[in-house]
Amino acid sequence: MIILLIGGIGGTIVIFFWNQILKQEIERRKVLELQLQTSKEKAEVANQAKSTFIANMSHELRTPLNAILGFSQIMIRSPSLSKEDKENTTIIHNSGSYLLTLINNILDLSKIEAGKMTLNAKTFDFYSFLNELEDLLHITAENKGLTLIFDRQDDVPQYIYTDETKLRQVLINLINNGIKFTSEGGVSVTVGSQKESPLNSPLERGESSGKYPSLEWGESNGKATIIFEVRDTGAGIAEDEMPKLFEAFAQTETGENSQEGTGLGLPISRKFVNLMGGDITVKSQVGKGTTFRFKIAVYIVNKTDIETQEIPRHVIALKPNQIRYRILIVDDRHTNRLLLIKLLQPLGFELKEATNGKEAIEIWEKWQPHLIWMDMRMPVIDGYEATQIIKGTTKGNATAIIALTASVLEEQKAIILSAGCDDFVRKPFRESMIFETMKKHLGVEYIYEEESPSPTATELSSLTVEDLQAMPSEWLDKLYDAVKALDDDLSLELIEKIPVEESLLAEKLTNLVNDFQFKTIRQLIELFRC
């Protein structure tokens, strides 16, 4: 009986201590959960603070850039500028554009980290897109003595729906990297396509993280995967450095040796490709080159669905028999006001200036401008409040108010429009955007500078199989071997042997060789042989 009692007491003691241990464990877990929650909240606050800081810094940097890019645009067109001064001004403008790209890259990274990066898909002509990229970048390659070859396969759809801007940035990043780290040889870009069945499409599988916009046209247009490969014959990347490639601000030894770049291009490119339903892979061998490969998911659309964009034209005057439009320019920075004045005054607009929202309201009440260019960040009364006061009146609705902002945050757009602004233009702006926005809201009509657009390589070089009939087969065989080897010097030597009476053929071939359209020449010779 005593033994049982002791056993009962012992069991009670064990249970007591076990309960105490459980209570301590529960309390410990509560403390850990609280610490975890506190750490998470601190991280979110820090992330928000960083995003706000970067957004503010972006705003402050883009504002002076607006003046640099704007005034340099005006100066480049000045007929009184000497050739040397025009070259110097062009360098200033190009350097400013590059600085703007760096700022945008940092802001993009901030948006990605905050989970605020989204797709802005549109329909566009994919063939023209690739041709423009090739025209843009082949000069950079040529200046380094490199070749740049674009090879688009026949099954690639011409009209597609995806985020054109992000795709352009990815390709420019990858191709520029290839050019930068290559000293001999060149860079080749291969574009292929894989048609997707409706049940196996990346868009259907959710590979785009649910952020890919849907189309209104339905399934009839079809879907596809576009496959890109960017190969270079450059320095290559060591295997142990591969993990660094897609880390923000990290650079490989090759990148550090080049003393160029920020280490942001590849991380941002990968995130963009992820948003478009794919991923980037890389293969490299030191001393032999690097190949980046990525896929994106697209919708195939019809030519009639393409959103056409007019080529900006230089405005030189207002058409006669129009009213004299009154324009109020509101900005606390003198350089920003002066830039708009220099753009608008020569055309005959009647202009007034205000340095803050309070002055703007006073001038608006007395002068009744047709349109107000309104900066949103100003002392005394900012652009938001000034717009609300003006638009809060009946007569205020007759005045178009266009916001000028250096912010690139999408949520800012909604806030600006909800304040009552009719439209907004981001700084730095192109002068064509200023004129087109005024045309849209005032109906003002312009006289444009007569510019005959430079004929494209395709228009200049409409070579046909029939054109080749004038040349002997032996000569065609030599030309075929030269273009197959991508030997432009030998190709041009052969073209010089074309008889004078066939000068048109020589001109067409020369244009094709100068534009590195070796594949076109090769295919035409193959057709001729058939």
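All figures in this text were calculated on a predicted structure; none of them were measured in a lab.

(A) Fine view of the nonpolar core. Ranked by internal contacts, the top residues of the largest apolar core, which has 41 residues, are Phe 126, Leu 167, Leu 171, Ile 175, Phe 228, Phe 294 and Ile 296. Only helix H3 (126-143), strand S2 (147-152), helix H4 (164-180), strand S4 (186-196), strand S5 (223-232), helix H7 (265-275) and strand S7 (289-300) provide two or more residues apiece to this core. No other element matches the 7 residues that H3 contributes to this core. With near-sequence residues (within four places) excluded, Ile 296 lies in contact with Thr 162, Leu 167, Ala 224, Thr 225, Ile 226, Phe 228, Val 273 and Met 276. Counting residues in each nonpolar core, the second largest holds 29 residues, with Val 315, Tyr 325, Leu 347 and Leu 442 among its members.

(B) Molecular detail of the packing of aromatic side chains. In the structure shown here, the tally under the stated rule is 9 aromatic pairs. Between Phe 126 and Phe 129 the ring centres are 5.8 Å apart and the planes differ by 25°, which places this aromatic pair in the stacked class. With Phe 126 and Phe 129 both in helix H3 and 3 residues apart, this pair spans about one turn of that helix. Here Phe 126 falls in the buried class, since its relative accessible area comes to 0%. For Phe 129, a relative accessible area of 2% gives the class buried. For the pair Tyr 325 and Phe 349, a centre-to-centre distance of 6.4 Å together with 45° between the ring planes defines the contact as tilted. Of this pair, Tyr 325 sits in the loop between strand S8 (315-318) and strand S9 (326-330) while Phe 349 sits in the loop between helix H8 (334-344) and strand S10 (350-354), and the two are 24 residues apart along the sequence.

(C) Molecular detail of the packing of H8 against helix H12 (residues 431-442). Contact geometry for H8 and H12: axes closest at 11 Å, N-to-C directions at 70°. By the criterion of interaxial angle, the relationship of H8 to H12 is roughly perpendicular. Our pair here, H8 against H12, has a crossing hand that is right-handed. For the pair H8 and H12, the contacting residues are Leu 340, Leu 343 and Leu 344 in the first and Glu 431, Ile 434, Phe 435 and Met 438 in the second.

(D) Region of interest: the pairing of strand S1 (residues 122-125). Burial along S1 is two-sided: the face carrying Lys 122 and Phe 124 and the face carrying Thr 123 and Asp 125 are both buried. Here 4 bridges tie S1 to strand S3 (residues 159-162), and the two strands are oriented antiparallel to one another. Within S3, the residue paired with Asp 125 across the bridge is Tyr 159.

(E) Broad picture of the sheet that holds strand S12 (residues 400-405). The 5 strands are arranged S10-S9-S11-S12-S13 in an open sheet whose pairing can be described as parallel. The sheet is open, and its two edges are formed by S10 and strand S13 (423-426), each paired on a single side. The mean inter-strand angle of the sheet, taken between neighbouring strand axes irrespective of direction, is 20°. For S12 and S13, the ladder comprises 4 bridges, and the chain directions are parallel. Its bridge partner being in S13, Thr 405 is matched across the sheet by Arg 426. Docked against the sheet, helix H10 (residues 383-391) engages strand S11 (371-375) and S12, running at close to 150° with respect to S11. Across the face of the sheet, H12 comes into contact with S9, S11, S12 and S13 while running at roughly 135° to S11.

(F) Examining a nonpolar patch on the surface more closely. Together, Trp 18, Ile 21, Leu 22 and Ile 26 line one region of the surface with nonpolar side chains, adding up to about 410 Å² of accessible area. Relative to the helices and strands, Leu 22 is located in helix H1 (residues 2-76). For Leu 22, a relative accessible area of 38% corresponds to the partly exposed category.

(G) View of unusual backbone geometry. Unusually for a residue other than glycine, Asn 321 sits at a positive phi of about 65°. Tracing the backbone through its elements, the reader meets Asn 321 in the loop between S8 and S9.

(H) The arrangement of the pattern of salt bridges in detail. This model, assessed by the stated rule, comprises 15 salt bridges. Across the pair Lys 358 and Glu 362 runs a salt bridge whose closest N-O atoms are separated by 2.9 Å. Pair noted here: Lys 358 and Glu 362 are both in helix H9 (residues 357-367), with a separation of 4 residues, about one helical turn. On the basis of relative accessible area, Glu 362 is assigned to the partly exposed category, the value being 36%.

Conventions and cut-offs
- Residue positions are given per chain, counting from 1 as you read along its sequence in written order.
- Local features are withheld for residues below a pLDDT of 70 in this predicted model, meaning they are given only at 70 or higher, and side-chain atom pairs are given and counted only at 80 or more; totals for whole chains, interfaces and linings count all residues.
- To obtain the side-chain values, all non-hydrogen atoms of the structure were included, while hydrogens and water were left out.
- Only buried Ala, Val, Leu, Ile, Met, Phe, Trp, Tyr and Cys residues count toward a nonpolar core, and they belong to the same one when joined by side-chain atoms within 4.5 Å.
- Per-residue accessibility, obtained with a 1.4 Å probe over protein chains only, is compared with the maximum for each type, and a residue is labelled buried under 20%, exposed over 50%, and partly exposed between these values.
- Labels follow the DSSP assignment, with helices taken as runs of H or I lasting at least four residues and strands as runs of E lasting at least two, numbered in each case from the N terminus.
- Should any heavy atoms of two residues lie within 4.5 Å, those residues are considered in contact.
- Stacked, tilted and edge-to-face are the three classes applied to pairs of Phe, Tyr and Trp rings, where Trp contributes its six-membered ring and a pair requires centres within 6.5 Å; stacked means planes under 30 degrees apart, edge-to-face means over 60, and tilted covers the rest.
- As a rule, the C-alpha atoms of each element are fitted with a line to give its axis, helices using only the stretch in contact, and angles between N-to-C directions run from 0 to 180 degrees.
- Any angle that falls under 35 degrees is termed roughly parallel, while one over 145 is termed roughly antiparallel, one within 65 to 115 roughly perpendicular, and all others oblique.
- Here a crossing is taken to be left-handed if its near helix is turned anticlockwise relative to the far helix by less than a right angle, and right-handed if that turn runs clockwise.
- For two strands to be treated as a pair, DSSP must find at least two bridges joining them.
- Residues form patches when they are more than 30% accessible in relative terms and have no salt bridge. Like charges link within 9 Å. Nonpolar side chains (Val, Leu, Ile, Met, Phe, Trp, Tyr) link within 5 Å.
- Note on areas: these come from Shrake-Rupley sampling with a 1.4 Å probe, and a residue is covered only by the protein chains present in the view.
- For this analysis, a salt bridge means a side-chain nitrogen from Lys or Arg found within 4 Å of a carboxyl oxygen belonging to Asp or Glu.

These results come straight from atomic positions and should not be treated as a statement about function.
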